[in-house]
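So you can see what is in the structure, the chains are spelled out below.
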Amino acid sequence: MVETCSLPGAWVAEQHGGPIRAALVLGEAMPYVPAATAPEIYVRLLVASRHSSARGIGRRLMAFAEEQARLAGVKRMRVDCYDGGSGALVRFYESCGYERISTLDIDS
């Protein structure tokens, strides 16, 4: 995680005078993701604390990422995520306004 957070396009959110509560890394798509067909901003990493003081930070970081895309003149943002378990992560991104356009199996 330390190496990832030192990449260009990495931000951390910390509580004032306290610990880091979340991290966001924007950049090029991961190698297993199909190539982009248009200019895009890709969310390489979004991770947030489950502590009550961090409630809503993931949504705020996604809004920040969208602003970064607007500032860069890019109209497309892409994110991939694990769709297993309870499906909560997919529902989170959908609640932020993202839609599932495809699925991929990285084990094959």
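In this report, we go over the structure that sits alongside the text. Here the structure is a predicted model, which means the values were calculated and not measured. (Residues numbered from 1 in each chain as written. Predicted model: local features only at pLDDT ≥ 70, side-chain atom pairs only at ≥ 80, totals over all residues. Heavy atoms only, no water.)

### Brief notes about the packing of aromatic side chains
We apply this condition: Any Phe, Tyr or Trp ring, taking Trp's six-membered ring, that has another such ring centre within 6.5 Å forms a pair; planes under 30 degrees apart are called stacked, those over 60 apart edge-to-face, and the others tilted. Think of it in three bands: with a 1.4 Å probe and only protein chains considered, a residue is buried below 20% of the maximum accessible area for its type, exposed above 50%, and partly exposed in between.
Scanning the entire structure with this criterion turns up three aromatic pairs. Between Tyr-93 and Tyr-98 the ring centres are 6.4 Å apart and the planes differ by 90°, which places this aromatic pair in the edge-to-face class. Considered together, Tyr-93 and Tyr-98 belong to a single accessibility category, that of buried residues. Clustering of aromatic rings is evident, with ring pairs tying together Phe-92, Tyr-93 and Tyr-98.

### Some thoughts on the pairing of strand S3 (residues 41-48)
Here is the rule: Two strands pair if DSSP finds at least two bridges between them. A run of DSSP states H or I qualifies as a helix once it reaches four residues; a run of E qualifies as a strand once it reaches two. Both are numbered from the N-terminal end. Note on handedness: a clockwise path from strand one over the helix to strand two, with the strands aimed away from the viewer, defines a right-handed crossover.
Bridge count between strand S2 (residues 20-27) and S3: six bridges; the pairing is antiparallel. When the sheet's bridge partners are listed, Leu-26 is paired in S3 with Val-43. Where S3 and strand S4 (residues 77-79) come together, three bridges link them in parallel fashion. Each bridged residue has a counterpart across the sheet, and for Val-43 the counterpart in S4 is Val-79. In this fold, the crossover linking S3 to S4 by way of helix H2 (residues 57-71) has right-handed handedness.

### Points about the state of the cysteines
Threshold: Two cysteine sulfur atoms form a disulfide, by the criterion used here, when they sit within 2.5 Å.
Tallied over the entire structure, the rule returns zero disulfides. With no disulfide of its own, Cys-81 has Cys-96 as its nearest cysteine by sulfur position, at a separation of 11 Å. A relative accessible area of 18% places Cys-96 in the buried class.

### Re the environment of Met-30
Among the secondary structure elements, Met-30 is positioned in the loop between S2 and S3. Separated by 29 residues in sequence, Met-30 and Arg-59 place their C-alpha atoms 22 Å apart.

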